[in-house]
Amino acid sequence: MKDFSKIIGHEDIIEYFQNAIALDKVSHACILNGPDKSGKKMLAEAFAAALQCERQGKSPCGVCRSCKQADSGNQPDIIYVTHEKPNTLSVEDVRRQINDDIVLKPYGSRYKVYIVDEAEKMNVQAQNALLKTLEEPPSYAVILLLTTNADGFLLTILSRCVRLDLKAVSDAKIRAFLMEEEKIPDYQADLCVAFAQGNTGKAVWLARSENFNGMKDEALRLIKRLDDIELHEMMREIKKIADYKLEIEDYLDLMMVWYRDVLLYKATADVNRLIFQDEIYDIKKASSHSSYSGIEEILKALEKAKARIRANVNFELLMQLLLLTIKEN
């Protein structure tokens, strides 16, 4: 069911939406800004369902005809704006799905709600086309722009929208949710929480992802035998890492969590504070063979590698330099 009660965290945004409904002060345009999988779509869908609910409460009732249609994705006055090209939301998409449609009154609801996912993919022409609608929207129109980068919008778009930035959800809430709803053990929940960095959707994705578990096993296998790897063998390992190139930041984050555990154990000898508690034998071994400065150099090298990947530096050369730095320290 598309409902605010199903959303973990984001209480401030939920409160804003519910107050807007209760006070009959619904904005014609809102920007929901936050990382991928952070809950933007769930918030937008719950708000849209609440706006169209026949009982006219602050939350969707879940039982009226409109709520049931919203749950199935068939509410005719909740429109999902799509784009044909994978990396662009074009001016034609905006004109056809919003501008030309918005002049038609709702079929049977109080509002027409447009949910624009991946709105950061609007090019300048598309944003300018949308601006014409935002300047004089019909009284029944509500446009929800979901984006990972609100700062990429034109200032004229930003000035005509209410901007709602999604904040990180507490680790404790995400951990409890994963253990209760996803039925995963505490050590796996801790690992997912460490990687999610306050993003509930990413934590759930990690908990369910067989690919992530395989990547974790590969990263730890490489770390444990890196001391014994010769240069020619290292190149073979780099080719294996290339299989995870699309998720390389997650791969490097796994390595960072490992070395942070090594550093933490070296400093405190406290097993209970480790993320990789089930790897305690190898973490003890690594901490005894490594210096504080050496581990810190490795963590710095991993951070630099992440920054260089974003700058599109040669992948194989970058990974070779990183692995050699880890070996040296």
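Heads up: the structure comes first, above all this text.
Quick caveat: nothing in here was measured; it's all calculated off a predicted structure.

Definitions and limits used
- Residues numbered from 1 in each chain as written.
- Predicted model: local features only at pLDDT ≥ 70, side-chain atom pairs only at ≥ 80, totals over all residues.
- Heavy atoms only, no water.
- Pairing = 2+ DSSP bridges.
- Helix = DSSP H or I, 4+ residues; strand = E, 2+ residues; numbered from the N terminus.
- Axes fitted to C-alpha atoms, helices over the stretch in contact; angles between N-to-C directions.
- Contact = heavy atoms within 4.5 Å.
- Phe/Tyr/Trp six-rings, centres within 6.5 Å; stacked < 30°, edge-to-face > 60°.
- Buried < 20%, exposed > 50% of the residue type's maximum accessible area, 1.4 Å probe, protein only.
- Lys NZ or Arg CZ within 6 Å of the ring centre and 35° of its normal.

Caption draft 1: Summary view of the sheet that holds strand β3 (residues 112-116). Read across the sheet, five strands follow the order β2-β3-β4-β1-β5 without closing on themselves; strand pairing throughout is parallel. Since the sheet does not close on itself, it has two edges, and those belong to β2 (78-81) and β5 (162-165), each with one partner. Pairs of neighbouring strands in the sheet enclose a mean axial angle of 20°, with direction left out of account. Alignment of β3 against strand β4 (residues 141-147), held across five bridges, turns out to be parallel. Across the sheet, residue Y114 finds its bridge partner in β4, namely I143. Set on the sheet, helix α2 (residues 40-52) makes contact with β1 (29-33), β2, β3 and β4; between it and β4 the angle comes to about 170°.

Caption draft 2: View of the packing of aromatic side chains. Considering all chains together, one arrives at four aromatic pairs under this definition. Here F17 and F47 contribute two aromatic rings whose centre-to-centre distance is 3.9 Å and whose plane-to-plane angle is 10°, an arrangement assigned as stacked. With F17 in helix α1 (residues 11-22) and F47 in helix α2, the pair connects residues that are 30 residues apart, well separated along the chain. By the burial criterion, F17 is buried, and F47 matches it. With a centroid separation of 5.3 Å and 75° between ring planes, the pair formed by F195 and F212 is classed as edge-to-face. With a gap of 17 residues between them, F195 in helix α8 (residues 186-196) and F212 in helix α10 (residues 210-225) connect regions that are remote in the sequence. Relative accessible area serves as the criterion here: at 3%, F195 is assigned to the buried category. Above the face of the W205 ring, K37 is positioned so that its terminal group lies 5.0 Å from the ring centre.

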